Amino acid sequence: MSIGGLWDLIILNPMVNVLIILSNYLFDNFGLTIIVLTILVNLVTYPLTLKQLKASKAMQDVQGKVAELRKKYAKDRQRLAQEQMKLFKESGVSPAGCVLPMLIQMPVWIVLYQSIIRVMAAAPEEFLNLSQRLYTNWPVVFTQLPLAHRFLWLDLAVPDMIMAILTGASMWVQQKMTAPPTTDPQQRAQSEMMQWMMPIMFGLLGLTFPSGLSLYWVTSTTIRIIMQYFATGWGGLTFPKLGGMGSKDKEIKGRIVRQKKPLTAADTSADIVIKPESAKGEGTEDGKSGDKRQDGGGSYPKGSRPIRRQPGGGRGNRRQRG
Amino acid sequence: MSKIIRIKSKIRPQFWLLALLIAGLVLSGCIPGGGSAARGWSGVTVAEGTVFLGSMDGRVIAVNTANGTLTWSVPLQQPASGGGGFGCGGPTSVPVVIYSTPVTNGDIVYISGYNGKLYAISSSTRLSKETDLRKDDKSLPGALIGGPVVAQEKVYAGSSDGLVYALSTVSLDKRWQFATGDKIWSTPSVVGDTVYVTSFDKKIYALNAGDGSQKWEFKTDGAIVSSPVIDGGTVYFGSLDRYFYALNAADGSLKWKFLAKNWFWSKPVTHNGVVYAVNLDGKVYAIDAGSGEKLVEFDLGAPASAAPVLVDSQVIVVTEAGVVYSLDTASREQKRLAELGDKVYASPAASAGKVYIHTNSNKLYEVDAQSGAKREFSIK
């Protein structure tokens, strides 16, 4: 049997049948079925998601230090690698921790996507082929098809502009939350590209693909946003404060003020001081990271002050100034 | 070079994973069987030495059966939808997708399109007339998948908007319409003054051919795609609830039903008091027309969605894999006639001991029902 056949037999076909059965218990409402199944799959993969989110956050938190190391050992790549590994070890950060849970979850998301598109079966060929995926010992799956395509204002089998916009918007929010704070212009450019590339690409896909898929993307992204908020806070997402200045405005104003007068210790109260790279005393005496805080900022040497949370920045929102 | 490596090394692994995920999503939506677009599977009709069919590239085609040459072809075009997505700068018009089997009435060939239009083409002049069955409301998803049928100077067709239409054979003006509860993908059957039509609303309807009024209806537990066959006062059809049904044609009461393992998709054939029903479980069931008892089952080894065709005392059936079988109704022997090496969804037609089969690769084959000898006709 080919890999594709094995994938269908073990993974895709069970998901297709579960999707159809679930719609039977959810008032024959396919839209509701997509939402509920997406939530269920998210719950099942929640431990992995949490692990990945925390690992990503931890990785983001040491990015400032990594940038410093890069500057310091720009000409000695071997030393740079050593120092980076040392930093990761001391901070309890594992680069694989970000990637591995994502890799494990990826087939789950792909199969969920594939099963939704198969069950929707907009074209006659697709509907006909669906018959070969049904379990003969589950009679209800035969009578349940075709599933009703109407949900709210949507025909789930055809593209919908509003859903495409919602897909792009929700993905932008999620990307913004995951964007790492960085002072490296190259990384910042790359990060900004990611923030826009994903939402635009999925928004365009939403204009081409059935709106049932957009519903799945919007649901999935919304759940991820909620999970991310509870795990790591709003991250890079900032909100303008009504009737006052947003955090970005304050940052700009802070810069202007500092240009006018020399920086004093008092000024730093509204801003962020990055710890000197040579700072000692990071972590505990046994060499392991003693940092238990959400922002993962580590302990601070004398003379520096901890990061103050930005107004409206939410939990874990931290900016660094190089 | 080292600069390139350095830049690459700075790109976060998440970037590659997301790129991989997007590529996977897009590819799985584009590869065959993964969210494919409608391509059509027009069946074949044979009349007076000519084979008629709708090609996969949107043409109505007439082929001479004697020499296998293309007699004429009329392209059916529709405005491009604008598409969007990634196919920027596409054509202004595209070929009409055709699922229906054409039907002839004298000089005129009738065929319906996935664009909701019914076409009437003169075989002699190639002049065509068309009518948009969605003309009242263009937003309706009125794709025509089942074929038209001609009887009593009317053309009957079912639409994906759930309506059965009766049109004038000459002007294509609407005579009446009847609303079912869901899509119609089947071809109606007309016997006497009654039109029988099946619907996705799980019902079969018997309608008065004159004015479209309902005579009776019968509900199954599944959507119905199969076109009905009426023989000896009994209506035979299969449903997606996996049952094959026999109803009294007069009042729609149930005579018997027969359970198989998968959907009954295609139109059955009857011969000498036996109904031959093809199921998507890869089997053809020979069922006693009177009692509903299974007489024999033929294992095709692969599902068949094309309707079987009767040639003398043989039932010819083509699997989706393109294997042609001959089932002898007398000896109940199964013979592998030919392999087309191509997928087949379209229903074949037979004439003078030959079977004409249109494959999914837009090829037309003639297969001898006795010897299995095949020849390919040019329809380019």
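Here is a short report on the structure shown in this document. (Residues numbered from 1 in each chain as written. Chains lettered and ligands numbered in written order. Predicted model: local features only at pLDDT ≥ 70, side-chain atom pairs only at ≥ 80, totals over all residues. Heavy atoms only, no water.)

### Focus on the overall build of chain B
Link 1 in the chain: From N to C terminus, chain B includes 2 helices and 34 strands.
Link 2 in the chain: Within the span of chain B, comprising 380 residues, buried residues form 56% of the whole.
Link 3 in the chain: Considering only intrachain contacts with a sequence separation of at least 6, the fraction spanning at least 24 residues in chain B is 40%.
Link 4 in the chain: Put simply, chain B shows about 15100 Å² of open surface, and 51% of that area lies on carbon and sulfur atoms. (Helix = DSSP H or I, 4+ residues; strand = E, 2+ residues; numbered from the N terminus. Buried < 20%, exposed > 50% of the residue type's maximum accessible area, 1.4 Å probe, protein only. Contact = heavy atoms within 4.5 Å. Areas by Shrake-Rupley, 256 points an atom, 1.4 Å probe, with all protein chains shown as cover.)

### So, helix 3 (residues 46-61) of chain A
Link 1 in the chain: Between the first and last C-alpha of helix 3 of chain A there are 22 Å, a value that for 16 residues agrees with the 22 Å anticipated at 1.5 Å per step.
Link 2 in the chain: For helix 3 of chain A, the complete set of buried residues consists of Thr49, Gln52, Leu53, Ala55, Ser56, Lys57, Met59, Gln60 and Asp61 of chain A. (Expected span 1.5 Å × (residues − 1).)

### Side note on the packing of aromatic side chains
Link 1 in the chain: All told, the structure shown has 29 aromatic pairs over all chains when counted by the stated rule.
Link 2 in the chain: Geometrically, the ring pair formed by Phe209 of chain A and Trp217 of chain A is tilted, given 6.4 Å between the ring centres and 55 degrees between the ring planes.
Link 3 in the chain: Seen from their ring centres, Tyr229 of chain A and Phe230 of chain A are 5.2 Å apart, and the 75 degrees between their planes marks the pair as edge-to-face.
Link 4 in the chain: The class for Phe230 of chain A is exposed, based on a relative accessible area of 57%.
Link 5 in the chain: Taken together, the aromatic side chains of Tyr236, Phe244, Trp256, Phe258, Phe264 and Tyr285 of chain B make up a single cluster linked through ring pairs. (Phe/Tyr/Trp six-rings, centres within 6.5 Å; stacked < 30°, edge-to-face > 60°.)

### Considering the sheet that holds strand 21 (residues 243-248) of chain B
All names here are of chain B.
Link 1 in the chain: Pairing is antiparallel across the open sheet formed by 4 strands, whose spatial order is 19-20-21-22. Where the open sheet ends on each side, the last strands, each with one partner, are strand 19 (229-231) and strand 22 (254-259). Neighbour to neighbour, the strand axes of the sheet diverge by 20 degrees on average, direction disregarded.
Link 2 in the chain: As defined by bridge partners, strand 20 (residues 234-238) adjoins strand 21 across 5 bridges and the pair is classed as antiparallel. If you follow Phe237 over to strand 21, its bridge partner there is Tyr245. (Pairing = 2+ DSSP bridges. Axes fitted to C-alpha atoms, helices over the stretch in contact; angles between N-to-C directions.)

### Let's talk about the nonpolar core
Link 1 in the chain: Core analysis: the largest hydrophobic core is formed by 57 residues, its most contacted members being Phe30, Ile116, Phe127, Leu145 and Tyr216 of chain A together with Trp263 and Trp265 of chain B.
Link 2 in the chain: Of all the secondary structure elements, the ones that give two or more residues to this core are helix 1 (3-25), helix 2 (30-44), helix 6 (95-120), helix 7 (124-130), helix 8 (139-144), helix 9 (161-178), helix 10 (185-208) and helix 11 (211-232) of chain A.
Link 3 in the chain: When residues of this core are assigned to their parent elements, the largest contribution, 8 residues, is made by helix 6 of chain A.
Link 4 in the chain: Each residue touching Phe127 of chain A, except ones within four places of it in the same chain, is listed here: Ala121, Leu145 and Pro146 of chain A together with Trp185, Phe200, Leu240, Trp263 and Trp265 of chain B. (Core = buried A, V, L, I, M, F, W, Y, C linked by side-chain atoms within 4.5 Å.)

### Considerations on the pattern of salt bridges
Pairing between side chains of opposite charge can happen when the charged atoms of each approach one another.
Residue and element names in this part refer to chain B.
Link 1 in the chain: As enumerated under the stated definition, the model contains 11 salt bridges over all chains in all.
Link 2 in the chain: Close ionic contact of Glu339 with Arg336 constitutes a salt bridge, the shortest N to O distance being 2.7 Å.
Link 3 in the chain: On the basis of relative accessibility, which here comes to 45%, the residue Glu339 falls in the partly exposed class.
Link 4 in the chain: In this structure Arg336 comes out as partly exposed when scored by relative accessible area, which is 47%. (Salt bridge = Lys/Arg side-chain N within 4 Å of Asp/Glu carboxyl O.)

### Digging into the packing of helix 9 of chain A against helix 11 of chain A
Residues and elements named next belong to chain A.
Link 1 in the chain: The geometry of helix 9 relative to helix 11 is characterised by a closest axis approach of 9 Å and an angle of 25 degrees between their N-to-C directions. Classified by the angle between their axes, helix 9 and helix 11 sit roughly parallel to one another. Considering how the two elements wind past one another, helix 9 and helix 11 form a crossing that is left-handed. Contact residues: Met163, Leu166, Thr167, Ser170, Met171, Val173, Gln174, Met177 and Thr178 in helix 9; Ser211, Ser214, Leu215, Trp217, Val218, Thr221, Arg224, Ile225, Gln228 and Tyr229 in helix 11.
Link 2 in the chain: Of the residues contributing to the contact of helix 9 with helix 11, the split by class is 10 nonpolar, 8 polar and 1 charged. (Parallel < 35°, antiparallel > 145°, perpendicular 65-115°, else oblique. Left-handed = near helix turned anticlockwise from the far one by under 90°. Nonpolar A, V, L, I, M, F, W, Y, C, P; charged D, E, K, R; others polar.)

### Points about the pairing of strand 33 (residues 364-368) of chain B
Residues and elements named next belong to chain B.
Link 1 in the chain: With 5 of 5 residues buried, strand 33 is to be regarded as a mostly interior element.
Link 2 in the chain: Both faces of strand 33 are covered, namely the face carrying Leu364, Glu366 and Asp368 and the face carrying Tyr365 and Val367.
Link 3 in the chain: Relative to strand 33, strand 32 (residues 354-358) runs antiparallel, the two sharing 5 bridges. Bridge pairing in strand 33 places Lys354 opposite Asp368.
Link 4 in the chain: Where strand 32 hands over to strand 33, the hairpin turn is made up of 5 residues, of which Asn362 adopts a positive phi near 65 degrees.
Link 5 in the chain: Of the strand pairs in this sheet, strand 33 and strand 34 (residues 374-377) are connected by 4 bridges, and their pairing is antiparallel. The residue bridging Tyr365 from the neighbouring strand is Glu376, located in strand 34.
Link 6 in the chain: Count of turn residues in the strand 33/strand 34 antiparallel hairpin: 5 residues, of which Gly372 carries a positive phi of about 85 degrees.

Any link to function would need more than the numbers given here.
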